[in-house]
Amino acid sequence: QVQLVESGGGLVQAGGSLRLSCAASGSIFSINAMGWYRQAPGKQRELVATITDGGSTNYADAVKGRFTISRDNAKNTVYLQLNSLKPEDTAVYYCAAEVLAFAPQTKGGLASNDYWGQGTQVTVSS
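Quantities reported herein were computed from a predicted structural model and do not represent experimental measurements.

**Let's talk about a nonpolar patch on the surface**
Thought 1: Side chains of Phe 29, Phe 102 and Leu 110 sit close together on the surface and give an oily, nonpolar patch of about 280 Å² of accessible area.
Thought 2: Positionally, Phe 29 belongs in strand β4 (residues 28-39).

**Observations concerning the side chain of Asp 89**
Thought 1: Along the chain, Asp 89 falls in the loop between β8 (77-82) and β9 (91-102).
Thought 2: The exposure class of Asp 89 is buried, given its relative accessible area of 1%.
Thought 3: For Asp 89, the side chain forms a polar contact with the side chain of Arg 38, separated by 3.0 Å.
Thought 4: Non-local contacts of Asp 89, meaning those with residues more than four positions away in its chain, are made with Arg 38, Arg 66, Phe 67, Ser 84, Val 122 and Val 124.

**Details of the state of the cysteines**
Thought 1: Following the criterion strictly, the structure yields 1 disulfide and no others.
Thought 2: Two residues share a disulfide in this structure: Cys 22 and Cys 95, whose sulfurs sit 1.9 Å from each other. Between Cys 22 and Cys 95, the S-S dihedral sits near 40°, and the bridge is therefore right-handed. Taken together, the residues Cys 22 in strand β3 (residues 18-26) and Cys 95 in strand β9 connect sequence positions 73 residues apart.
Thought 3: A residue is classified by how much of its surface remains accessible, and Cys 22, at 0% relative accessible area, is buried.

**As for the sheet that holds strand β7 (residues 67-72)**
Thought 1: The strand order β1-β3-β8-β7 describes an open sheet built from 4 strands, whose pairing is antiparallel. For this open sheet the edge positions go to β1 (2-7) and β7, each flanked by a neighbour on one side alone. Between one strand and the next, the sheet's axes are offset by a mean angle of 15°, whatever the strand orientation.
Thought 2: Pairing between β1 and β3: 6 bridges, direction antiparallel. Paired with Val 5 across the strands is Ala 23, a residue of β3.

Rules and cut-offs
- Residues numbered from 1 in each chain as written.
- Predicted model: local features only at pLDDT ≥ 70, side-chain atom pairs only at ≥ 80, totals over all residues.
- Heavy atoms only, no water.
- Patch = residues over 30% accessible without salt bridge, like charges linked within 9 Å, V, L, I, M, F, W, Y side chains within 5 Å.
- Areas by Shrake-Rupley, 256 points an atom, 1.4 Å probe, with all protein chains shown as cover.
- Salt bridge = Lys/Arg side-chain N within 4 Å of Asp/Glu carboxyl O.
- Helix = DSSP H or I, 4+ residues; strand = E, 2+ residues; numbered from the N terminus.
- Buried < 20%, exposed > 50% of the residue type's maximum accessible area, 1.4 Å probe, protein only.
- Polar contact = N/O pair within 3.5 Å; in protein donor to acceptor, adjacent residues only side chain to side chain.
- Contact = heavy atoms within 4.5 Å.
- Disulfide = S-S within 2.5 Å.
- Pairing = 2+ DSSP bridges.
- Axes fitted to C-alpha atoms, helices over the stretch in contact; angles between N-to-C directions.

Set out below in structure tokens:
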């Protein structure tokens, strides 16, 4: 019904940069908040950054000043620019979106759900 596909992960040296993208597609009426989360080996998934449809952003303290989240509402796409990367940023990065989707089976014809991408690996070497 709704799919999120991430791209842009990879291997980079400490101090380097990457740009992640996440495109949403499917039966989308509108998208409210979008965000990025990450999960390092042996750790719980944690918030990295979020952005509302109006452009308000929120960042985890660990990435403030280094990462920038943005979105293109016309393309249903959210981006994460990762600068000054550190080895501790190594993780699988997941995008998420709060989507209002067409749902003909419901009374109002719309349904709101959270969707997740499959994840993209970011590895930062020291």
